[in-house]
Amino acid sequence: MTRRIFWAIFSASFLIFLLGVVFCVYFLQKEFEKNILLSMRNQAYSIKTILDSTSMSISAIKIPARLSVIEDNGEVVFDSVLQGVLESHSNRPEIIDAIKKGEGMAKRFSANLHQKTFYYALKLRDGKILRIASSRDNFIKIFLDSIFWWIGLLVFSVLVCILLARVLSRLILSPLESLNLKNFSNLSSVYDEFLPFLNKISQQEKTIQKQLKILRQKNQEFNAITQNMQECLILLNEDLRVVSFNKMAKLVFKNLDNHKKLIEIFKSEEILDTANKALRFKRCECDISIDGTYYQILASGILDEEIGSEKSREFKSRGVVLLILDITEKKERENLRREFSANVSHELKTPLTSISGYAELLKNNLVQPCDVNEFGRKIENQAKRLLELINDIMKLSELDESKSDENIKERIDLFKSVQNILEQLPTNGLQVEVKGYGEVYGVKTLIEDMIFNLCENAIKYNKKNGSIKVIITENSLSIQDSGIGIAKQNQKRVFERFFREDKSHSKRIEGTGLGLSIVKHIANLHQFDIKLKSKMGKGTKITISWKNS
Ligand code: ADP
């Protein structure tokens, strides 16, 4: 702006200066010509007085100008500069005027002298015309003769104009430069013409500040939400490069960084495909697995404008938002459920096939009368096993559905419960010992189911003349047997549904493979800890512990 004002002032002042010079020269020249003619007139009158009053000849008069005497018919009778016969001067305007009015003057380019010439003619007493001619250089010659002066004047005027323009532009802009656009309280030094404009800026500044505050607040809210989210959030631009991400995303995907390409982070064509689709079709999702963890990727295009018909549903997105959920637990549960259903049908089929086989033999009278009882017992056993299986399956599915706070909890005397349960179970000559006292806060039926399963296993998988030790403390219950033990590699697996350790002895010892799964489920529901210690051939100790409540 300073530069524009400077040039405007400079051009205006320089133009004014030039016009001033031109007008001055013009008027000075006019004045100068007038003075020349006036001095020529004075000279002519003086010569006329001399000639009229004395007998002096005109040729004796010497003046620095051309003198001529012309008859009233135009014939030149004397000329102080040009010799010989000159052409008639009757048509010269100054001569015509002098004949008519007594004097005349003119200014023209002289064909004889080849110069711009001023003429003054005066009628003498004898009727002849006295004419004085004075030649002057033309303007261009005068100008060229004094060219150095003109150049000097031009340089001087340019310098003056530059100085003037600089000083004035600074003077004009200094009130604006001293203006504080953040604080409009002091506007006294500002031009009045700017006040409406500055007031408008002030209002807009206030609006901008207000909107900035709202934006900052929104940003903080957004950050508070995204940074505390348990899901990973990643923002990509249209080239599928990372623009932003939340804390969780960085925690899970360590190599995540701004400007990185999506494919460099996940190295999965599937996720790249999903993001690309989201760019065009608004929403897309897929499941991927990275290092044994399953993730669900929900990709949403950041809408810019809709293109194409409603049917094609094609969008032009400016980027993609990726919401990444860890679905490992869900996947595992799904797998478990699938496995469970397969196992259930298999486990149910086995006793049913036996029952149907025995029944068919009986129906077709293919059984010896002495074996009928044995067949009846086998059918009864398989039916019992089937019933046990169905009971355990139902218990497990009930446990799957129930939540810890849905059931009524109470304080349970563990010593009493253990005693009751052991009375219901055939101890087969085993040495049973119950030690200690303790109470636990929980759902009575479930806690007793848990103890029942553990005691039943301690009896089932024991040796002849073995022992069982139940130790109760304030915050634990452990059931120890001197039985066959569990192999190290199976110690974790015994809590899986339908897992039975050794198929050969499992066949001998009846069971569903669901007892310890039920125990684990009940413990989880009460937030109890389970520890299993076992040595092959020596025995097993399972300890349930809880925090005092
Ligand atoms: P089951 O109905 O077969 O007893 P469980 O879920 O209670 O089913 O037990 C799973 C497997 O764990 C059993 O088949 C058995 O091989 C092993 N097991 C459980 N408890 C004991 C124990 N006290 N001693 C030895 N093995 C055990």
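Residues numbered from 1 in each chain as written. Predicted model: local features only at pLDDT ≥ 70, side-chain atom pairs only at ≥ 80, totals over all residues. Heavy atoms only, no water.

Draft legend 1. Summary view of helix H10 (residues 372–401). With 30 residues, H10 should reach 44 Å at 1.5 Å per residue; the first-to-last C-alpha distance of 43 Å fits that figure. Among all positions of H10, only Phe375, Ile379, Leu386, Leu389, Asp392, Ile393, Leu396 and Leu399 are buried. Of the surrounding secondary structure, the elements contacted by the buried residues of H10 are helix H9 (328–363), helix H12 (444–460) and helix H14 (515–526). (Helix = DSSP H or I, 4+ residues; strand = E, 2+ residues; numbered from the N terminus. Expected span 1.5 Å × (residues − 1). Buried < 20%, exposed > 50% of the residue type's maximum accessible area, 1.4 Å probe, protein only. Contact = heavy atoms within 4.5 Å.)

Draft legend 2. Spatial organisation of helix H11 (residues 414–424). Burial in H11 covers these residues: Leu414, Ser417, Val418, Ile421 and Leu422. Along H11, the residues classed as buried sweep out an arc of 130 degrees about the axis, all on the same side. Away from the buried face of H11 by more than 90 degrees, exposed residues Lys416 and Glu423 are located. The inward-facing, buried residues of H11 abut strand S11 (410–413), strand S12 (431–436), strand S13 (439–442), H12, strand S14 (467–472) and strand S15 (476–481). Of the residues flanking the start of H11, the one acting as N-cap is aspartate 413, its side-chain oxygen 3.1 Å from the backbone nitrogen of phenylalanine 415. (Arc of directions from axis to C-beta. Polar contact = N/O pair within 3.5 Å; in protein donor to acceptor, adjacent residues only side chain to side chain.)

Draft legend 3. Structural context of the domain arrangement of the protein. As far as domains go, the protein holds domain 1 (2–145), domain 2 (229–326) and domain 3 (405–549). The C-alpha-based centres of domain 1 and domain 3 are spaced at 145 Å. (Domains from an automatic or database assignment.)

Draft legend 4. Molecular detail of the site of the ligand. Inspection of the region around the ligand gives 18 residues, with Asn457, Tyr461, Arg500, Thr512 and Leu516 positioned closest. Take threonine 512: an N or O atom from its main chain is 2.8 Å from an oxygen atom of the ligand. Glycine 513 places a main-chain nitrogen or oxygen 3.0 Å from an oxygen atom of the ligand. Compared with its free state, where it exposes 530 Å², the ligand has 98% of that area covered by protein. Counting only elements with at least two residues in the shell around the ligand, the list comes to H12 and H14. (Near = heavy atom within 4 Å. Areas by Shrake-Rupley, 256 points an atom, 1.4 Å probe, with all protein chains shown as cover.)

Draft legend 5. Spotlight on the pattern of salt bridges. According to the stated counting rule, one finds 16 salt bridges in the structure shown. Two residues, arginine 493 and glutamate 496, come together in a salt bridge whose shortest N-O distance is 3.2 Å. Classification of arginine 493 by relative accessible area gives partly exposed; the value is 38%. Through salt bridges that share partners, Glu33, Lys107 and Lys116 make up one connected network. (Salt bridge = Lys/Arg side-chain N within 4 Å of Asp/Glu carboxyl O.)

Draft legend 6. Molecular detail of unusual backbone geometry. Even without being glycine, asparagine 428 reaches a positive phi, approximately 50 degrees. Within the element layout of this structure, asparagine 428 appears in the loop between H11 and S12. Even without glycine at this site, asparagine 465 takes up a positive phi of about 60 degrees. Tracing the backbone shows asparagine 465 in the loop between H12 and S14.

Draft legend 7. Examining the sheet that holds strand S2 (residues 76–79) more closely. Strands sit in the order S2-S1-S5-S4-S3 across an open sheet of 5 strands; the sheet is antiparallel. Edge strands, defined here as strands with exactly one partner in the open sheet, are S2 and strand S3 (103–109). Strand-to-strand twist across the sheet, computed as the mean angle between neighbouring axes with direction ignored, equals 20 degrees. Along the sheet face, helix H1 (residues 2–53) touches strand S1 (66–70), S3, strand S4 (116–123) and strand S5 (129–136) and points at about 35 degrees away from the line of S4. (Pairing = 2+ DSSP bridges. Axes fitted to C-alpha atoms, helices over the stretch in contact; angles between N-to-C directions.)

Draft legend 8. View of the side chain of serine 268. Mapped onto the elements, serine 268 comes out in the loop between helix H7 (262–266) and helix H8 (269–281). Setting aside chain neighbours within four positions, we find serine 268 in contact with Ile263 and Ile288.

Draft legend 9. Here's a closer look at the packing of aromatic side chains. Under the definition given, this model contains 10 aromatic pairs. Relative to phenylalanine 27, the ring of tyrosine 26 has its centre 5.4 Å away and its plane inclined at 75 degrees; by these criteria the two rings are edge-to-face. Phenylalanine 27 gets classed as exposed once you look at its relative accessible area, which sits at 51%. When the ring centre of phenylalanine 375 is taken as reference, the NZ or CZ atom of lysine 378 above it lies at 5.8 Å. The cationic tip of arginine 497 hangs over the ring face of phenylalanine 340; the distance from NZ or CZ to the ring centre is 5.0 Å. (Phe/Tyr/Trp six-rings, centres within 6.5 Å; stacked < 30°, edge-to-face > 60°. Lys NZ or Arg CZ within 6 Å of the ring centre and 35° of its normal.)

Draft legend 10. Region of interest: the layout of surface pockets. Of the volumes computed, that of the largest pocket is approximately 1,100 Å³. Together, 46 residues line the largest pocket, and Asn453, Glu456, Asn457, Lys460 and Tyr461 are the ones closest to its centre. Among the elements of the structure, H10, H11, H12, S15, helix H13 (503–508), H14 and strand S17 (539–545) are those that each provide at least two residues to the lining of the largest pocket. Residues that form the lining of the largest pocket fall into these classes: 17 nonpolar, 16 polar and 13 charged. Roughly 750 Å³ of internal volume is contained in the second largest pocket. Around the second largest pocket, the lining is made up of 22 residues, and of these Leu336, Phe495, Arg497, Lys520 and His521 lie nearest the centre. Only H9, H10 and H14 provide two or more residues apiece to the lining of the second largest pocket. Of the residues in the lining of the second largest pocket, the class split is 6 nonpolar, 4 polar and 12 charged. (1 Å grid on protein atoms, 1.4 Å probe; cavity = no way out; pocket = protein on both sides within 12 Å on 5 of 7 lines; lining within 4 Å. Points joined across faces, edges and corners; volume = space filled by probe spheres on them. Nonpolar A, V, L, I, M, F, W, Y, C, P; charged D, E, K, R; others polar.)

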